[in-house]
Amino acid sequence: MLWQGRRESENVEDERGSGGGGIGGRHIVVGGGIGGIILVIVYLLLGGDPQALLQQQQQSGSLPSSTQYEGAAPSDEASKFVAVVLADTEDAWHAIFRQIGREYQEPKLVLFSDQTRSGCGFASGASGPFYCPEDQRVYIDLGFYRLLQQRYGASGDFAQAYVIAHEVGHHVQNLLGISDRVQSMRGRVSQAEYNRLSVKLELQADFFAGVYARYADRVKHVIESGDIEEAMRAAAAVGDDRLQRSARGYAVPDSFTHGTSEQRVRWFRKGYDTGDLRQGDTFNAPDL
Ligand SMILES: [Zn+2]
């Protein structure tokens, strides 16, 4: 991605080094060992329920703990990159919202290390990137990118851009009232049915990330050869089936909340190919 020297968003709030809530040291300890932490981080990339995952893991045993996860000390380059990508998403969504006669409200993006307080509660680096609809902020501990690369082989700057664009996709869903509609179904439908709605929400956020990627390519001309593949590898790396298989050896479709690797790649690709919001109605699509 061509990003150096380009506009940086003013909506980045850098809380790195501020210590967040002042709980604990730099090491994060969660049941399930280091492997468990990594899984939880990736699982939460799309807003999953960490408790459920940890319970699964305790039943199936934890993964080998070969990777240390400590609070990251990202270079300033890393935060600059985030600010440029966020600025691109702002330009893209302002343009798209104008087309549908709406006004886009920009989200804030909080960079934190180790821990932070969000409008949705306390978050540690183990929370991974997430979007909080209550305060309309995207939260990212940049240490996550290292994990995405080392553990899941999803490297490259556009893999990182995808992560931001996906979370911004949740913000778009919030502005359009889509997340509220799904949230209101909780408790009114079976858990399996609610999980299916959650998958559709996540796949739509991937679709929106694809729409952003198209804008970056066709309007900004900042996409380089291999970038789209990087984003798709990152989307595949965080599919439910792959995460579940690595956690317990087999996948249980009813428990999926984010979509399979193949589905995630497909919806990102569809957003990128069409750039058309009407094509992104995962809720009424006959086939995901
Ligand atoms: Zn998500």
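The paragraphs below set out a description of the structure included in this document. (Residues numbered from 1 in each chain as written. Predicted model: local features only at pLDDT ≥ 70, side-chain atom pairs only at ≥ 80, totals over all residues. Heavy atoms only, no water.)

As a further point, take helix H4 (residues 143-152). Gly143, Phe144, Tyr145, Leu147 and Leu148 are the residues of H4 that are buried. Within two residues after H4, glycine 153 carries a phi angle of roughly 65°, on the positive side. (Buried < 20%, exposed > 50% of the residue type's maximum accessible area, 1.4 Å probe, protein only. Helix = DSSP H or I, 4+ residues; strand = E, 2+ residues; numbered from the N terminus.)

Now for the coordination of the zinc ion. Only His166 (NE2), His170 (NE2) and Glu202 (OE) from the protein coordinate the zinc ion, and they sit 1.9 to 2.1 Å from it. In primary-sequence terms, the residues that donate to the zinc ion follow H-x3-H-x31-E. In this pair, histidine 166 is assigned in helix H5 (residues 157-175) and glutamate 202 in helix H7 (residues 191-218), connecting sequence segments 36 residues apart. For the pair histidine 166 and glutamate 202, a shared accessibility class is recorded, and that class is buried. (Donors = N, O, S within 2.8 Å, 3.2 Å for Na, K, Ca; no water.)

Moving on, we get to the packing of helix H3 (residues 76-99) against H5. The N-to-C vectors of H3 and H5 enclose an angle of 40°; their axes lie 10 Å apart at closest approach. Looking at the two axes, H3 sits oblique to H5. For the pair H3 and H5, the sense of crossing is right-handed. Facing H3, whose interface residues are Phe81, Val82, Val85, Leu86, Thr89, Trp93 and Phe97, H5 presents Asp157, Gln160, Ala161, Ile164, Val168, Val172 and Leu175. Its residues assigned to classes, the contact of H3 with H5 shows 11 nonpolar, 2 polar and 1 charged. (Axes fitted to C-alpha atoms, helices over the stretch in contact; angles between N-to-C directions. Parallel < 35°, antiparallel > 145°, perpendicular 65-115°, else oblique. Left-handed = near helix turned anticlockwise from the far one by under 90°. Contact = heavy atoms within 4.5 Å. Nonpolar A, V, L, I, M, F, W, Y, C, P; charged D, E, K, R; others polar.)

Moving on, we get to unusual backbone geometry. Unusually for a residue other than glycine, aspartate 114 sits at a positive phi of about 75°. Its place among the elements puts aspartate 114 in the loop between strand S2 (108-111) and strand S3 (115-118). With a relative accessible area of 11%, aspartate 114 lands in the buried category. Phi angles above zero are rare outside glycine, and glutamine 136 is one such case at about 50°. The residue glutamine 136 is located in the loop between strand S5 (130-132) and strand S6 (137-140) in this model.

Time to look at the sheet that holds S2. Backbone-to-backbone hydrogen bonds join strands into a sheet, with any given pair of strands oriented parallel or antiparallel. Taken in spatial order, the 4 strands line up as S1-S2-S6-S5 in an open sheet, and their pairing is mixed. Either end of the sheet is taken by a strand with one partner, and the two such strands are strand S1 (12-14) and S5. For this sheet, the mean angle separating the axes of adjacent strands, direction not counted, is 25°. Helix-sheet contacts for H3 involve S1 and S2, and the interaxial angle to S2 is about 165°. (Pairing = 2+ DSSP bridges.)

Take the pairing of S2 next. Across 3 bridges, the pairing between S1 and S2 is parallel. Looking across to S2, one finds that valine 12 is bridged to leucine 109. By the bridge criterion, 4 bridges tie S2 to S6 in an arrangement that is parallel. Note on S6: the bridge partner recorded for leucine 111 is isoleucine 140.

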